[in-house]
Amino acid sequence: QVQLVESGGGLVQSGGSLRLSCAASGIIFSVYAMNWYRQAPGKQRELVARISSGEFTNYVDSVKGRFTISRDNAKKMVYLQMNSLKPEDTAVYYCNADYIGTMHWGKGTQVTVSS
């Protein structure tokens, strides 16, 4: 059974920080690219950050310089460190695992940034 379980969401003030975690099971974790997506109410789900199996990273422009994605293959974990949070970062954040088009999704964790 494939499972991706997010944690670390919550309520934080503008300018604050949160670290999201995603625990994976049921996959050969090291071969997957790992992604964080987010979806705000009334908006499309967007790719926020990606880390390849070779640990190359990419970010959407709006979070570049503020968010950092990382992975720990031994622990089968992926993280999203979010600094300098803004109200527009408020969304449900989803962990995603992608291997040659085979994708798995977590259920999401809410991040709310107050002004």
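Residues numbered from 1 in each chain as written. Predicted model: local features only at pLDDT ≥ 70, side-chain atom pairs only at ≥ 80, totals over all residues. Heavy atoms only, no water.

Chemist: Before we move on, can you summarise the state of the cysteines with the specific residues and values?
Modeler: Enumeration over the complete set of coordinates arrives at 1 disulfide. With a sulfur-sulfur separation of 2.0 Å, Cys22 is cross-linked through a disulfide to Cys95. Residues Cys22 and Cys95 are joined through a disulfide that is left-handed, its torsion about the S-S bond being -85°. Here Cys22 is found in strand E3 (residues 18–25), whereas its partner Cys95 is found in strand E9 (residues 91–99), with 73 residues between them in sequence. Accessibility assignment for this pair places Cys22 and Cys95 in one class, buried. (Disulfide = S-S within 2.5 Å. Helix = DSSP H or I, 4+ residues; strand = E, 2+ residues; numbered from the N terminus. Buried < 20%, exposed > 50% of the residue type's maximum accessible area, 1.4 Å probe, protein only.)

Chemist: How would you sum up unusual backbone geometry? Please name residues and give values.
Modeler: Phi is positive for Lys76, close to 55°, though the residue is something other than glycine. Structurally, Lys76 is set in the loop between strand E7 (67–72) and strand E8 (77–82). For Ile100, which is not a glycine, the phi torsion comes out positive at approximately 50°. Within the fold, Ile100 resides in the loop between E9 and strand E10 (102–105). Taking the relative accessible area as the measure of exposure, Ile100 reaches 74% and is therefore exposed.

Chemist: I'd like a rundown of a nonpolar patch on the surface, residues and numbers included.
Modeler: Taken together, the side chains of Ile28, Val31, Tyr99 and Ile100 define a hydrophobic patch exposed on the protein surface, amounting to about 420 Å² of accessible area. Relative to the assigned elements, Tyr99 resides in strand E9. Exposure remark for Tyr99: the relative accessible area of 36% places this residue in the partly exposed category. (Patch = residues over 30% accessible without salt bridge, like charges linked within 9 Å, V, L, I, M, F, W, Y side chains within 5 Å. Areas by Shrake-Rupley, 256 points an atom, 1.4 Å probe, with all protein chains shown as cover. Salt bridge = Lys/Arg side-chain N within 4 Å of Asp/Glu carboxyl O.)

Chemist: Go over the nonpolar core, please, and point to the residues and values.
Modeler: Grouped together as the largest cluster of nonpolar side chains are 29 residues, with contacts concentrated most on Met34, Trp36, Leu80, Met82 and Tyr93. Those elements that place two or more of their residues in this core are E3, strand E4 (33–39), strand E5 (46–51), E7, E8, E9 and strand E11 (109–114). Setting aside residues no more than four positions away along its own chain, Leu80 makes contact with Leu18, Arg19, Leu20, Trp36, Ala49, Phe67, Thr68, Ile69 and Tyr93. (Core = buried A, V, L, I, M, F, W, Y, C linked by side-chain atoms within 4.5 Å. Contact = heavy atoms within 4.5 Å.)

Chemist: Residues and numbers for the side chain of Thr109, please.
Modeler: Positionally, Thr109 belongs in strand E11. The buried category is assigned to Thr109, whose relative accessible area is 11%. At 3.3 Å, the side chain of Thr109 forms a polar contact with the backbone nitrogen of Gly9. Contacts of Thr109, omitting those with residues within four sequence positions, involve Glu6, Ser7, Gly8, Gly9, Leu20, Ala91, Val92 and Tyr93. (Polar contact = N/O pair within 3.5 Å; in protein donor to acceptor, adjacent residues only side chain to side chain.)

Chemist: Talk me through the packing of aromatic side chains; I want residue IDs and the actual numbers.
Modeler: Throughout the structure, instances matching the rule amount to 2 aromatic pairs. Ring centres 5.5 Å apart and planes at 45° place the aromatic pair Tyr32 and Tyr99 in the tilted group. With Tyr32 in the loop between E3 and E4 and Tyr99 in strand E9, this residue pair connects regions lying 67 residues apart in the sequence. The ring of Tyr94 carries the charged tip of Arg45 above its face, separated from the ring centre by 3.8 Å. Over the face of the ring belonging to Trp105 we find Arg45, whose NZ or CZ atom lies 4.9 Å from the ring centre. (Phe/Tyr/Trp six-rings, centres within 6.5 Å; stacked < 30°, edge-to-face > 60°. Lys NZ or Arg CZ within 6 Å of the ring centre and 35° of its normal.)

Chemist: Run through the pairing of E3, naming residues and quoting values.
Modeler: With 5 bridges connecting them, strand E1 (residues 3–7) and E3 associate as antiparallel partners. For Ser7, the partnering residue across the bridge sits in E3 and is Ser21. Where E3 lies against E8, 6 bridges are found, and the strand directions are antiparallel. The residue of E8 that forms the bridge with Ser21 is Tyr79. (Pairing = 2+ DSSP bridges.)

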